[in-house]
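# Structural overview for review
Chain by chain, the residues run as shown.
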Amino acid sequence: MNRTRARYAVVGNPIGQSKSPLIHSLFAQQTGEAIAYEALLATAEGFEGLVGEFFREGGSGLNVTVPFKQAAWALCRQLTPNAARSKAVNTLYRSEGELAGANTDGVGLVRDLRDNLGVGIGGRRVLLLGAGGAVRGVVPALEEEAPAAMTVWNRTRERAVELARDFAGSLTAASMEELRGQQFDLIVNGTSSSLQGGLPEVDAAWLASGCCCYDMVYGDEDTAFVRWARENGAAVAADGLGMLVEQAAESFRIWRGVAPDTASVIRRLRGDH
Ligand code: NAP
């Protein structure tokens, strides 16, 4: 049967290495949803025009990745509560004729931690490294899990301070000096330093007994942060592949009303299907 397929895409820069087209095509096969999903490269000047054109030409939904999540937030006429709070959008669609935005990164991280890795967040001390679009996007979903405390450190301190101001009452910005002597149950690396094979500033003394270290970055090999965590006795050391698949599944559910199975897709991407 030749059905017209609904059009979806991921927009970013760079975009060549994105696994989103593969993940969404696996979801489509699994659920029988008739979709086409491609990767689109945008420039800073061209992003808004590309989004407008995509939806005018009948596109059904876009994922947005580095570095356009805050630009996507600014374009939306409707926002889910988490997207409004985080000021970052990774999922676009049309609702009542208007451009609408959601942020599924936080749900993705929480589901990977809680459901796939068995790591609880409620009552735990959480340290977030980085204050870019990714960390911004996950704070509301982490907040909902009611951690005991959430602290953010960023190389450029003003960005951490600004983020903590946006989440006053549940997030505190700290300098390296202020982090000395503190311990955490969950440390999330939301910096892109692993992409260059490096580590942000880290201190093994931060790891409480049973600590989970989670790198939002993923790769074919362990990231530097995952290696560091293992070498320093983390109880769980995980990369961000599970988060990637879980955030994609939540976007797919928003667009199609069907929740795909993620475990089989994570196994397939890890190469152990
Ligand atoms: P972004 O907005 O460009 O922010 C980058 C962050 O990394 C900033 O906090 C930046 O600090 C910090 N940083 C970069 N290089 C560093 C270094 N050498 N040392 C210390 N800090 C450094 O990017 P983003 O959107 O937040 O994404 C961050 C990472 O998360 C990316 O690698 C992305 O691929 C990954 N991510 C993964 C998923 C997933 O599903 N697994 C989802 C979203 C994002 P400054 O402010 O000082 O520049």
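Residues numbered from 1 in each chain as written. Predicted model: local features only at pLDDT ≥ 70, side-chain atom pairs only at ≥ 80, totals over all residues. Heavy atoms only, no water.

A separate point is the pairing of strand E11 (residues 207–215). Of all nine residues in E11, seven are buried, a share of seventy percent or more. Both E11 and strand E12 (residues 236–238) contribute to a ladder of three bridges, which runs parallel. What sits directly across from Cys212, in E12, is Val236. Of the crossover connections in this fold, the one passing from E11 over helix H9 (residues 224–231) to the parallel E12 is right-handed. (Buried < 20%, exposed > 50% of the residue type's maximum accessible area, 1.4 Å probe, protein only. Helix = DSSP H or I, 4+ residues; strand = E, 2+ residues; numbered from the N terminus. Pairing = 2+ DSSP bridges. Right-handed = clockwise from strand over helix to strand, strands pointing away.)

Now for the packing of helix H1 (residues 20–31) against helix H11 (residues 263–270). Orientation of H1 relative to H11, taken along the N-to-C sense of each, is 135 degrees, at an axis distance of 11 Å. Classified by the angle between their axes, H1 and H11 sit oblique to one another. As for how H1 packs across H11, the hand of that crossing is right-handed. Contacts from Leu22, Ile23, Leu26, Phe27 and Gln30 of H1 reach H11 at Ser264, Val265, Arg268 and Leu269. Among the residues forming the contact of H1 with H11, the class breakdown is six nonpolar, two polar and one charged. (Axes fitted to C-alpha atoms, helices over the stretch in contact; angles between N-to-C directions. Parallel < 35°, antiparallel > 145°, perpendicular 65-115°, else oblique. Left-handed = near helix turned anticlockwise from the far one by under 90°. Contact = heavy atoms within 4.5 Å. Nonpolar A, V, L, I, M, F, W, Y, C, P; charged D, E, K, R; others polar.)

According to the domain assignment, the protein chain contains domain 1 (6–103 + 243–272) and domain 2 (106–239). Counting from both sides, the interface comprises 15 residues of domain 1 and, opposite them, 21 residues of domain 2. In total, domain 1 and domain 2 occlude about 1,700 Å² of area from one another, counting both sides; carbon and sulfur atoms represent 49% of this. Three residues, Arg85, Met243 and Glu246, lead the burial of domain 1 against domain 2; their summed loss comes to 38% of the area buried on that side. Applying the counting criterion to the domain 1 and domain 2 interface returns four salt bridges. A salt bridge links Glu143 to Arg85; its shortest N-O distance comes to 2.8 Å. In this assembly, domain 1 and domain 2 are joined by seven residue pairs in polar contact (both at pLDDT 80 or more). (Domains from an automatic or database assignment. Buried area = accessible area lost by both parts, 1.4 Å probe. Salt bridge = Lys/Arg side-chain N within 4 Å of Asp/Glu carboxyl O. Polar contact = N/O pair within 3.5 Å; in protein donor to acceptor, adjacent residues only side chain to side chain.)

Below, the discussion takes up the site of the ligand. The environment of the ligand is made up of 26 residues, and the closest members are Ala134, Asn154, Thr156, Arg159 and Met216. Within the contact set of the ligand, an oxygen atom lies 3.1 Å away from a backbone nitrogen or oxygen of Gly133. Within the contact set of the ligand, a nitrogen atom lies 2.9 Å away from a backbone nitrogen or oxygen of Met216. Starting from 930 Å² of accessible surface for the ligand in isolation, the protein chains cover 82%. For the shell around the ligand, the elements supplying multiple residues, two or more each, are helix H6 (133–144) and helix H10 (241–256). (Near = heavy atom within 4 Å. Areas by Shrake-Rupley, 256 points an atom, 1.4 Å probe, with all protein chains shown as cover.)

Mapping Arg136 onto the fold places it in helix H6. With a relative accessible area of 4%, Arg136 lands in the buried category.

Attention now moves to the sheet that holds strand E8 (residues 149–153). Reading across the sheet, the six strands line up as E9-E8-E7-E10-E11-E12 and stay open at both edges, with parallel pairing between neighbours. Two strands in the sheet have a free side with no partner beyond their single neighbour: strand E9 (172–173) and E12. Taken strand by strand, H6 contacts strand E7 (125–129) and E8, and its axis lies near 170 degrees from that of E7. Packed on one face of the sheet, H9 meets E7, strand E10 (184–189), E11 and E12 and runs near 165 degrees to E11.

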